[in-house]
Amino acid sequence: MSYKDDIKYMRMCFSLAKKGAGNVAPNPMVGCVILDKFGKLVSKGYHKKYGQNHAERDALLKLKNNEAQGGTLYVNLEPCSHYGKTPPCVDLIIERKLKRVVIGMKDVNPKVDGISKLKSAGIEIDYVLEEESRFLNRMFIKTMTQKLPYVVLKTAATMDGKIAAKTGSSKWITSEKSRELVYKMRREFDCILTSSNTVIADNPSMSQTKWRCVLDKDLRTDKNSKIYSYNTYVASRQNTPLKNGKLDLEAVLRELYKLGIYSVWVECGGVLAGSLLKSGLIDEVYQFIAPKILNDNAGISCFNGNNVNDIKEAKNLKIYEVKYLNPDILIKACINSF
Ligand SMILES: NC(=O)c1ccc[n+]([C@@H]2O[C@H](COP(=O)([O-])OP(=O)(O)OC[C@H]3O[C@@H](n4cnc5c(N)ncnc54)[C@H](OP(=O)(O)O)[C@@H]3O)[C@@H](O)[C@H]2O)c1
């Protein structure tokens, strides 16, 4: 198998893995491709749902006992070696006598040591596209290693970075098409997090996710606000420690993780966005930009956190996708590297 083939089949694993998006958390998205000893593709599989078969098992069980013998198995994550909700995948790979296993990334779960077990059984191990594999499972890496949900902050701004005029007037900066995309994107997350100020100013329902979280230190929001018609966790001084007189944002996120929330979509104004950014709690920013210029320094900025003197203190991000939505654009950028 050439390096070019390894790349081709690992990319095929990524596409299969993505079919599990939204159904596998807190597990990773994993795809698997199997070639027989002649290099012919004989099976594909992926992890479909949390608690169900892992990708390798899904692909191997579609084959007769000897079909994979002497062949190559591609998988974007190190095969597991422990009993979880399913038995260890390495045992099945060894039993089916694969000759070579090509892996995208090592598992960050400390319980997993599949590579040593495969090597001890005489199976050749190779790695390919490690950076892309880690990027694909960036959510899993964060939740597994930090026990915190993955946080994406969405903001919608003018070209000069304003989310509202100084009066608070903000409806609507972006187009209906962008707003519809936001509603769709929210569904991919376990929880929407917002602030007391945003609930008071906009009275949003944010009904698209299983959970909502409102940060409301002194319980200033109206109990009849639309958001409270749905399952909502309210963080206040009654259940959350304070840090510098404000709710401790990391403590809130840890609490959400304990509730089984692994991904959080944040929609708020500049004050909370600035605080989250400064606390290092945002993993990605989805920035919608409308072709408008407010031209008023007193307008409300997307991020209103720091007294910064030097441009070197600016947060560096890595843009990984830009979408032209006509007339707006959407920029997706990561804050942390994987
Ligand atoms: N264009 C957009 O994408 C977008 C999205 C959402 C909202 N908005 C607009 O943003 C405006 C509201 O913005 P804003 O800047 O006034 O408010 P904000 O940033 O949404 O929220 C600030 C509030 O969050 C709460 N909070 C709790 N813990 C915090 C912490 N550790 N650090 C900072 N804040 C914390 C505080 O209220 P407590 O003291 O009550 O806890 C604080 O006053 C509204 O006009 C809304 O329309 C725009």
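Refer to the structure above for everything that follows.
These numbers were taken from a predicted model, which means no experiment stands behind them. Position numbers for residues start from 1 in each chain and track the written sequence from start to end. Residue-level local features of this predicted model are given only where pLDDT is at least 70; pairs of side-chain atoms are given and counted only at 80 or more, and the full residue set underlies all totals for whole chains, interfaces and linings.

J.: Would you mind showing me how to read the site of the ligand here?
T.: In this entry, near means the residue's backbone-placed C-beta atom lies within 6 Å of the molecule or strand. By nearness alone, 29 residues border the ligand, and S195, N197, K217, G269 and S275 come closest of all. Elements supplying a minimum of two residues to the shell around the ligand: β6 (150-157), β7 (162-164), α8 (196-202), β12 (246-247) and α10 (270-278). Three classes are used, and their members are as follows: Ala, Val, Leu, Ile, Met, Phe, Trp, Tyr, Cys and Pro are nonpolar, Asp, Glu, Lys and Arg are charged, and the others, Gly among them, are polar. Of the residues belonging to the shell around the ligand, the class tally is 12 nonpolar, 10 polar and seven charged. Helical segments are the DSSP runs of H or I of at least four residues, strand segments are the runs of E of at least two, and each set is numbered from the N terminus.

J.: Sorry, what's going on with the nonpolar core here?
T.: In a soluble, globular protein the nonpolar side chains are often hidden away together inside. Core membership is restricted to buried Ala, Val, Leu, Ile, Met, Phe, Trp, Tyr and Cys residues, and these are joined into a nonpolar core through C-beta atoms within 7 Å. Exposure is read from a count of other C-beta atoms within 10 Å of each residue's own; the residue is exposed at 12 or fewer, buried at 20 or more and partly exposed in between. C-beta atoms are placed from the backbone. Counting residues in each nonpolar core, the largest one holds 82 residues, and the members touching the most others are C13, C32, Y74, V75, V264 and V266. Here this core takes six residues from β6, the largest share from any one element. If we ignore the near neighbours within four places in the chain, the residues touching V264 are P149, V151, F189, C191, L193, L253 and L256. It is the C-beta atoms, placed from the backbone, that decide contacts: two residues are in contact if theirs lie within 7 Å.

J.: Even after reading the chapter, I still don't get the sheet that holds strand β1 (residues 31-35), so can you show me in this structure?
T.: Across a sheet, strands are paired by hydrogen bonds formed along the backbone, either parallel or antiparallel in direction. Strands qualify as paired when DSSP identifies two bridges or more between them. What the five strands build is an open sheet, ordered β2-β1-β3-β4-β5; its pairing is mixed. Looking along the sheet, the strands with just one partner apiece sit at the ends: β2 (41-46) and β5 (124-127). Between one strand axis and the next, the sheet turns by 15° as a mean value, whatever way the strands run. Here an angle of 0 to 180 degrees is reported between the N-to-C directions of two axes, which are lines fitted to C-alpha atoms, with helices fitted over the stretch in contact.

J.: Can you help me understand unusual backbone geometry in this one?
T.: The step from A25 to P26 runs through a cis peptide bond, and the omega angle for that step is 10°. Within the secondary structure, P26 is located in the loop between α1 (3-18) and β1. Look at the link from K171 to W172: it is a cis peptide, with omega at -15°. Locating W172 in the fold gives a position in the loop between β7 and α7 (176-186). Phi angles above zero are rare outside glycine, and K147 is one such case at about 55°. The residue K147 is located in the loop between α6 (138-146) and β6 in this model. Non-glycine residue N244 carries a positive phi angle of around 50°. Locating N244 in the fold gives a position in the loop between β11 (242-243) and β12.

J.: Honestly, the pairing of β1 in this entry has me stumped. Any pointers?
T.: Strand residues, when the strand is regular, have side chains that alternate between the two faces of the sheet. With five of five residues buried, β1 is to be regarded as a mostly interior element. Hairpin connection from β1 to β2: five residues lie between these consecutive antiparallel strands, with G39 at a positive phi of about 90°. In terms of strand pairing, β1 meets strand β3 (residues 72-77) through four bridges, oriented antiparallel. What sits directly across from L35, in β3, is T72.

J.: I keep staring at the environment of N65 and nothing clicks. Help me out?
T.: Mapped onto the fold, N65 is located in the loop between α2 (55-60) and β3. A sequence separation of 30 residues divides N65 from E95, and the C-alpha atoms of the two residues are 8.8 Å apart.

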